[in-house]
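Summary of the model geometry
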Amino acid sequence: MTTTDTPPPVLSVEAASKRFTLHLRDGLQLPVLQDVSLQVRSGECLALVGPSGRGKSTLLKCLHGSYGLESGALWLTQADGRRVDLARAAPRTVLALRRREIGYVSQFLRALPRQSALDLVAERLLEADPSPPQPDADPLDDGPHEAALGAARAQAGALLARLNLPEGLWGLPPATFSGGEQQRVNIARGFAVPARLLLLDEPTASLDAGNRRVVIELIREAKARGSAIVGIFHDEEVRDAVADRRYHFH
Ligand SMILES: Nc1ncnc2c1ncn2[C@@H]1O[C@H](COP(=O)(O)OP(=O)(O)OP(=O)(O)O)[C@@H](O)[C@H]1O
């Protein structure tokens, strides 16, 4: 904590720079992020805006721990006040942060083959809150796991229903779903667990007006719970409805 009453920002990006090296083109260097600095506080939504190809999605992937940086830092202040640089955190740390602190709605749904839409969302809830093993638990007794799975499925179903995904689809793997149906499963997964830092990459791109409104409500609820949100919203109506500030990529 700082000495003032204001808590530190949840996210502080300091002079972040990144380039891609294109090995198939003789190592051509493609600078994508150049000296990006921004901060996002709890309860605030920052919209990344700017022309296509300027590095908005790349910044979200860096914040999700998928890419490192050439220079600069991506400081996340955790719930206990400790700071971690997402650009340099160890893979184990990144995975632990993804389970509990960082939510991400990517542009495309990544699902395991044969896993149902309902379990894809329920799994997100279970991995964020694994029940601690009881010292005297019978290792052959599936009861506690079944109970936790049942509760997670109930919560996942409520979210899918809110996003108007027909119940007939819940038990099916989403691989054959339409773009908008897949996007709604992705959104349910991203919003299932309250995230300290929530990353949204065009969450409404394939949605109709009714479902766009649901996503706006979900984003507002996440802000009210204290999430710091960084999002890309090409839909200006959605952006105006949720963004407190904008960061311009030139
Ligand atoms: N893994 C990668 N390897 C090489 N180049 C990449 C990679 N990922 C992105 N790029 C390039 O980096 C640039 C920035 O891409 P990025 O997807 O971040 O842009 P964006 O601002 O999100 O664009 P859009 O608004 O169209 O989604 C693009 O020129 C893209 O081709």
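Values in this document were obtained by computation on a predicted structure and should not be read as measured data.

Reading the values: the criteria
Residues numbered from 1 in each chain as written. Predicted model: local features only at pLDDT ≥ 70, side-chain atom pairs only at ≥ 80, totals over all residues. Heavy atoms only, no water. Near = heavy atom within 4 Å. Areas by Shrake-Rupley, 256 points an atom, 1.4 Å probe, with all protein chains shown as cover. Helix = DSSP H or I, 4+ residues; strand = E, 2+ residues; numbered from the N terminus. Nonpolar A, V, L, I, M, F, W, Y, C, P; charged D, E, K, R; others polar. Salt bridge = Lys/Arg side-chain N within 4 Å of Asp/Glu carboxyl O. Buried < 20%, exposed > 50% of the residue type's maximum accessible area, 1.4 Å probe, protein only.

A word on the site of the ligand. Close to the ligand lie 14 residues; Ser52, Gly53, Lys56, Ser57 and Thr58 are nearest. Compared with its free state, where it exposes 640 Å², the ligand has 65% of that area covered by protein. The set of elements that each furnish at least two residues to the shell around the ligand consists of strand E1 (11–22), strand E2 (28–40) and helix H1 (56–63). Ranked by the residues each element gives to the shell around the ligand, the list is headed by H1, at three residues. Taken together, the residues of the shell around the ligand break down into six nonpolar, six polar and two charged.

Right, let's get into the pattern of salt bridges. Taken as a whole and assessed by the stated rule, the structure comprises twelve salt bridges. Among the ionic pairs, glutamate 127 bridges to arginine 124, the shortest N-O distance being 3.4 Å. Of this pair, glutamate 127 and arginine 124 both sit in helix H3 (residues 117–128), three residues apart, roughly one helical turn. Exposure remark for arginine 124: the relative accessible area of 7% places this residue in the buried category. We note a salt bridge from aspartate 244 to lysine 223, for which the minimum N-O separation is 3.0 Å.

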